[in-house]
Amino acid sequence: MRSTRSLMLPLALAASVSLASGCATKGTPAFPPSADLAVEPKPVLAPEAIYSEAALDAYDIAIEARGDRLAAQVGRLCRFFDTMGMERLRCPPPDVPPRPG
C-alpha cells in the first residue's frame, strides 16, 4: 500500500498548477483585435461618379463611415494602452449601443 506522503505530492502539484493558472490571467488585459492594427484604405471615387448625385452621396457616406470606424479603432487602442499603464492618455469612452425601448 502506498504511503499518504506519496499520494499527497500529486495532489499538491495539481492544486498549485490550478492556482498558478488562475493567477496568470487576472489583471492581464486582452490584446486588441489584430484588425485594429490594420489600416483601412480610403474609399476611391470613380471618375464617372462625378456625374451622378447618388454616387457622390454614396461616396460621402463611405468616407463618413470609414471615419467613424477609424475613430472607434483609435479609441480601442487608446483604452488598451491606458490599461497597460501608458501615461497622459485621454481616451474616449467606449461606444454604448442604445438600449431598446
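A quick note: this is a predicted structure, and the numbers were derived from the prediction, not measured.

**Topic: the pattern of salt bridges**
Once the charged atoms of two side chains with opposite charge are near each other, the side chains can pair. Taken as a whole and assessed by the stated rule, the structure comprises two salt bridges. Here Asp36 makes a salt bridge to Arg76, at a shortest N to O gap of 2.6 Å. Here Asp36, found in the loop between α1 (4-25) and α2 (53-83), pairs with Arg76, found in helix α2; they are 40 residues apart in sequence, far enough to count as distant. Residue Glu40 is joined to Arg69 by a salt bridge in which the shortest nitrogen-to-oxygen separation is 2.5 Å. Remark: Arg69 occurs in helix α2 and Glu40 occurs in the loop between α1 and α2; sequence separation between them is 29 residues.

**Quick word on α2**
A rise of 1.5 Å per residue sets the reference length of α2, with its 31 residues, at 45 Å; its end C-alpha atoms lie 45 Å apart and thus fit the reference within 8%. Listed as buried for α2 are Tyr59, Arg66, Gln73, Gly75, Leu77, Cys78 and Phe80. At the C-terminal side of α2, Gly85 shows a positive phi close to 105°.

**Topic: the packing of aromatic side chains**
Under the definition given, this model contains two aromatic pairs. Seen in terms of ring centroids, Phe31 and Phe80 are 5.9 Å apart; in terms of plane orientation they differ by 45°. Their pairing is tilted. Here Phe31, found in the loop between α1 and α2, pairs with Phe80, found in helix α2; they are 49 residues apart in sequence, far enough to count as distant. Judged by its relative accessible area of 71%, Phe31 falls in the exposed class. Consider the rings of Phe80 and Phe81, whose centres lie 5.1 Å apart with planes at 75°: the pair is edge-to-face.

**Examining a negative patch on the surface**
Taken together, the side chains of Glu53, Asp57, Asp60, Glu64, Asp68 and Asp95 define an acidic patch exposed on the protein surface. With respect to the helices and strands, Glu64 occurs in helix α2.

**Details of the state of the cysteines**
Tallied over the entire structure, the rule returns one disulfide. Covalently, Cys78 is tied to Cys91 through a disulfide, its sulfur atoms 1.9 Å apart. Taking the sign of the torsion about the S-S bond as the criterion, the disulfide between Cys78 and Cys91, at about -80°, is left-handed. With Cys78 in helix α2 and Cys91 in the segment after α2, the pair connects residues that are 13 residues apart, well separated along the chain. Exposure remark for Cys78: the relative accessible area of 14% places this residue in the buried category. Judged by relative accessible area, Cys91 falls into the partly exposed class, the value being 25%.

Cut-offs applied
Residues numbered from 1 in each chain as written. Predicted model: local features only at pLDDT ≥ 70, side-chain atom pairs only at ≥ 80, totals over all residues. Heavy atoms only, no water. Salt bridge = Lys/Arg side-chain N within 4 Å of Asp/Glu carboxyl O. Helix = DSSP H or I, 4+ residues; strand = E, 2+ residues; numbered from the N terminus. Expected span 1.5 Å × (residues − 1). Buried < 20%, exposed > 50% of the residue type's maximum accessible area, 1.4 Å probe, protein only. Phe/Tyr/Trp six-rings, centres within 6.5 Å; stacked < 30°, edge-to-face > 60°. Patch = residues over 30% accessible without salt bridge, like charges linked within 9 Å, V, L, I, M, F, W, Y side chains within 5 Å. Areas by Shrake-Rupley, 256 points an atom, 1.4 Å probe, with all protein chains shown as cover. Lys, Arg positive; Asp, Glu negative; His and termini not counted. Charge placed at Lys NZ, Arg CZ, Asp CG, Glu CD. Disulfide = S-S within 2.5 Å.

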